[in-house]
Every structure is written in structure tokens, then in C-alpha cells.
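If you want the building blocks of each chain, they are given just below.
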Amino acid sequence: MRNKKIIWMLAAGLGMTLLTGCGGENKKTYEQANTDLEQGNYDYALNEYQACISAGYKLSQSYRGSGIVKLRTGDYQGAIDDLTSDQTYEALDAVWRNYCISDILEPGSTFKPFTIAGAIEDGVVKDGDTFYCKGYEIVADGTDPIYCHNRTGDGTLTLKQALEQSCNVALMQIAKSEGKETFSKYQDIFNFGSQTGIDLSGEGSGLVYSEENLNPVELATSSFGQGINVTMIQMAAAFCSLINGGNYYTPHTVRQIVDEDGSIIENNEPELVRKTVSKSTSNLMKQYMAGVVTEGTGSRAAVEGYTIGGKTGTAEKIPRNKGNYVLSFIGFSPVENPQIMLYVAVDEPDVESQSTSGAGALLFHAIMEDLLPYMNVYQSLSLIHISE
């Protein structure tokens, strides 16, 4: 454990800077070191970090000096001891930082269920409504076209099919019908842009457009999760309300604290914050998201023997048009009576075509394939029945 702590300090306090300005084989070595560290291969990680330094990684001025000499000679503890207090705090922050609650990401199409749910709840759209996608939408005079992922167009789609096929154009049309007041209202109801109150320190708030700043373009892109930022815990908490009948609860990591005698010191009872949507809207969204897996973009998330619902996400990173994406999937099982919700994100998967790799859905599948039986979730019947 002591070695692991030392390596983490090196990776956080020095390693992140070592990567600056480097590429090729040296970058691969650095990335392999991070992988070995995550997998517990500490000796390999130590050697690889040292190889990176020996290979002449570009170092910022603040990290030069005796600490680097000690790293090259294998004196890892000495290198840590030579860190300034600011560098130590920076390193510890990186070690302790919890990505799922502290960092933000662009959700992409995993945001679409919330747009649709709010529109259904306020009567803007209803089951069976249709939309026409010609591959792009011009949302205001003088603005550039905003494209669907299918630039040839999806044609006529029902509301359910719009979610299944992840049609950006249909979502833009829905948001336009909602208007910025209703759209902004449901951003607030689902708690985007605010902390969830989880019992962990360092929670982020995310970034969404306020109602006054939801101009036509911002409203359009927000509808499919582009141009806004969320934390993973925000998405998880909001999504749970979408599939549990519309009840938004404060998330907790600890249910109960007991002493050595088994006496309860602290008990975290479920804390209902608000109602997000009605049970009927929740049930309809579960059916729609089951269709995403059985008939739409989320087929690779399917797990044999279980009913799975969810939504894919393909968020293009900034700067745009560089081929770099965050691939994600947020889903649940069983559809008829959700027991487990899982949200995964893969940052720049190491594949030739990131946007079409399905990396998020594949990771979701791999985890759920083991998790569902481990959690004693019974396999489902082939037909999905959701009681009203």
C-alpha cells in the first residue's frame, strides 16, 4: 500500500506534467504506466514512470531540480519529499479527486431522455407524435445548420423512434416547441447546474445555460446534451428519478454507520427532494429506453437473459472536428422493476473511429453481465410488462 501511495504521488505531482508536449512511444509508455498503476502492477508502473523521465519528457520549470534526479536514481520517496507544499497539495488533490462527483463532462445524447420527459410531462409532446429529420435543422435566421449524426436524415420518426435512433433534429424540434422557459424549468427540476448534496466532499455543480441565455442555438444544442456540462452523479441522481416513478432523492454513499457493538451511530434514510415527473411519464420513458437497446443505438449494451433500458451518448470533445469523443451509456435493469442503474463514460477510446465504437455501451454490457447475477437480480421474462 505504501508503494501504491508513492506511485500515486509521483503520477499526480510529477507525471501529469511529464506528459506535456510529448507523444509517440513515450506517450504510450506513460499511458501504460497509468494502466499498470490502476491494475495494481506497481513494479511495472514504477519502471515505466522512470523510463518516461529517462526518455526526456518535457518538464515544467516548477518540477525541475533534485526531485527529478532522485526519480532517475529510483529514490521515489525522496522525490516526494522534495515536492513543495503547493506541489504536494496538488498531488494529493489529484489522488483524492473523485471524477464522478468533482469533474464535469458534456453528456451528449444521454441527456435526451430528460428533454423528452419534460416535454411529455408538460403536454408539449405525447406518445405517437411524429417528427421529420432531413439531416439538419436551421433554428434561426442567419445561423448555420445544426446536424443530426445521420446527415442524410432519419426521415419520419415517432417520439419513441427519435430516442431509439438518437435523432438530434427531432430533439431540437421538441425543445423549440417547449420553449426556453419550459426547458430551463426541467433543467432545474432534474437538478442540473446544482450540487446533489451527496455525502462526499468536492462536488461540482456542472454548467447549463440560464433561461435568459437560452437563445435559439443554445436551446437547440442543449436539447441533445451539447454545450452543457454535468457531473456523473448529477446524471445518475436525475436518471434514477426518471426510472423510479419520478422521485428525486439525495444520493448517499453510506447507508448506515455502526460501532463495534453493532449499535447504529448514524442512519441515512432516503431523503426525497422533489417530484420530477409523474409515474406515467416515468413508465413511458422506461419503455422508450428499453427500445433504445432492443431496436436502437444501444444494442451493444444488451445482456442475455435480462431486460435492459438506457441511452447512448457520443459527445464530441472541444476543440470540435478532431475526432475525439467521450462515449457513454446510462442504463438500468430490469426494465419492469429497476434494481440497478449504471452510468459509464469512456474518454477517447483507443480505437480507429471513436464515434462509432460503441465503447460506452460495450463497457456497460461487460459490467452488467457480471453485476446483475452478483447482485442476485433475477433474469427477466422475454416480454416487458410495466405496471401502471
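By convention here, each chain's residues receive numbers from 1 onward along its written sequence. Reporting of local features is limited, given that this is a predicted model, to residues whose pLDDT is at least 70; pairs of side-chain atoms are given and counted only at 80 or more, and all residues count toward the totals for whole chains, interfaces and linings. In computing side-chain values, all of the structure's heavy atoms are included and hydrogens and water are not.

1. Structural notes on the packing of helix α12 (residues 232–243) against helix α13 (residues 279–295)
Two elements in contact, α12 and α13, have axes whose closest approach is 7 Å; the angle formed by their N-to-C orientations is 105 degrees. Compared by their axis directions, α12 and α13 come out roughly perpendicular. Here α12 contributes Phe239, Ser241, Leu242 and Ile243 to the contact with α13, which in turn contributes Ser282, Met285, Lys286 and Met289. Note on residue categories: nonpolar means Ala, Val, Leu, Ile, Met, Phe, Trp, Tyr, Cys or Pro, charged means Asp, Glu, Lys or Arg, and polar means any other residue, Gly included. When its residues are assigned to classes, the contact of α12 with α13 shows 5 nonpolar, 2 polar and 1 charged. In this description, a line fitted to the C-alpha atoms serves as the axis of each element, helices being fitted only across the stretch in contact, and the angle between N-to-C directions of two axes falls anywhere from 0 to 180 degrees. Going along the chain from the N terminus, every DSSP run of H or I of four or more residues is numbered as a helix, and every run of E of two or more is numbered as a strand. Working definition: roughly parallel below 35 degrees, roughly antiparallel above 145 degrees, roughly perpendicular at 65 to 115 degrees, and oblique for all remaining angles. Contacts between residues were defined by any pair of non-hydrogen atoms, one from each residue, lying within 4.5 Å.

2. Remarks on helix α8 (residues 112–121)
Between buried and exposed lies partly exposed: a residue is buried under 20% and exposed over 50% of the maximum accessible area for its type, with that area taken using a 1.4 Å probe on protein chains only. Of all the 10 residues making up α8, 9 are buried; the element is thus mostly covered by neighbouring parts of the structure. Taken together, the buried positions of α8 are occupied by Lys112, Pro113, Phe114, Thr115, Ile116, Ala117, Gly118, Ala119 and Ile120. Structurally, α8 contributes buried residues whose contacts are with α9 (159–164), α10 (168–189), α11 (216–223), α12, α13 and β9 (309–316). Of the residues one or two after α8, glycine 123 is the one with positive phi, at around 75 degrees.

3. Here we look at the nonpolar core
Throughout, nonpolar core names a set of buried Ala, Val, Leu, Ile, Met, Phe, Trp, Tyr and Cys residues whose side chains join them through atoms within 4.5 Å. Core analysis: the biggest nonpolar cluster contains 55 residues, and Phe114, Phe190, Leu242 and Met285 have the highest contact counts within it. Residue assignment for this core shows that the elements contributing at least two residues are α8, β1 (130–133), α9, α10, α11, α12, α13 and β10 (325–333). Core analysis: the second largest hydrophobic core is formed by 14 residues, Ala301, Phe329, Leu342 and Ala361 among them.

4. Things to note about the side chain of threonine 231
Mapped onto the elements of the fold, threonine 231 is located in the loop between α11 and α12. Setting aside chain neighbours within four positions, we find threonine 231 in contact with Cys100, Ile101, Asp103, Ile104, Leu105, Gly204, Ser205 and Gly206.

5. Overview of the pairing of strand β7 (residues 264–267)
What makes two strands pair is DSSP finding at least two bridges between them. Where strand β6 (residues 256–258) meets β7, 3 bridges bridge the pair, whose relative direction is antiparallel. Looking at β7, one finds that isoleucine 257 is bridged to glutamate 266. In this antiparallel pair of consecutive strands, β6 and β7, the connection spans 5 residues, and glycine 262 shows a positive phi of 90 degrees.

6. Side note on the pairing of β9
Burial analysis of β9 places 7 of its 8 residues in the buried class, the great majority of the element. Here β9 pairs with β10 via 8 bridges, running antiparallel. Along β10, the bridge assignment pairs glycine 310 with glycine 331.

7. Things to note about the confidence of the model for the protein
A residue's pLDDT is the predictor's confidence in that residue, given on a scale from 0 to 100. On average, residues of the protein score 84 in pLDDT, and 77% of them reach the 70 mark or higher. Every residue in residues 4–9 is under pLDDT 50, and counting partners more than four places away or in other chains gives 19 contacts. Note that residues 11–24 has pLDDT below 50 and, in this model, 32 contacts with residues that lie over four places away or in other chains.

8. Digging into the sheet that holds β9
Strand order in this open sheet of 3 strands is β9-β10-β11, and the pairing throughout is antiparallel. Here the strands that pair on one side only, and so sit at the sheet edges, are β9 and β11 (340–347). Here the strands of the sheet are splayed against their neighbours by 10 degrees on average, with no regard to which way each runs. The strands touched by helix α14 (residues 359–374) within the sheet are β10 and β11, with β11 carrying the most contacts at an inclination of about 140 degrees.

9. Some remarks on the packing of aromatic side chains
Stacked, tilted and edge-to-face pairs are distinguished by plane angle, under 30 degrees for stacked and over 60 for edge-to-face with tilted covering the rest, among Phe, Tyr and Trp rings (Trp via its six-membered ring) whose centres lie within 6.5 Å. Counting across every chain of the model gives 10 aromatic pairs. Seen from their ring centres, phenylalanine 111 and phenylalanine 114 are 5.8 Å apart, and the 50 degrees between their planes marks the pair as tilted. Residues phenylalanine 111 and phenylalanine 114 agree in their burial class; the two are buried. Between tyrosine 186 and phenylalanine 190, the ring centres sit 6.4 Å apart and the planes meet at 40 degrees, which makes this aromatic pair tilted. Here tyrosine 186 falls in the buried class, since its relative accessible area comes to 5%. What links up through ring pairs into an aromatic cluster is the set Phe111, Phe114, Phe183, Tyr186, Phe190, Phe192, Phe239 and Phe332. Only when the NZ of Lys or the CZ of Arg is both within 6 Å of the ring centre and within 35 degrees of the ring normal is a charge said to sit over the ring. Geometry around tyrosine 147 places arginine 151 over its ring, the cationic atom sitting 3.9 Å from the centre.

10. Here's the deal with a nonpolar patch on the surface
There is a patch of nonpolar side chains on the surface, built from Val254, Ile257 and Ile265 and spanning about 240 Å² of accessible area. You can see isoleucine 257 is positioned in strand β6. Put simply, a patch holds well-exposed residues, over 30% relative accessible area, that have no salt bridge, with like charges counted together within 9 Å and Val, Leu, Ile, Met, Phe, Trp or Tyr side chains within 5 Å. Note that accessible areas follow from Shrake-Rupley with a 1.4 Å probe, and for residues the cover is restricted to the protein chains shown. Salt-bridge detection follows one rule: a side-chain nitrogen of Lys or Arg within 4 Å of a carboxyl oxygen of Asp or Glu.

11. Notes on unusual backbone geometry
Following isoleucine 318, the chain continues into proline 319 via a peptide bond in cis, with omega recorded as 0 degrees. Relative to the helices and strands, proline 319 is located in the loop between β9 and β10. For the peptide bond that leads from serine 333 to proline 334, omega is -15 degrees, which places it in the cis range. Looking at the element boundaries, proline 334 is found in the loop between β10 and β11. The residue asparagine 321 is not glycine, and still its phi comes out positive at about 65 degrees.

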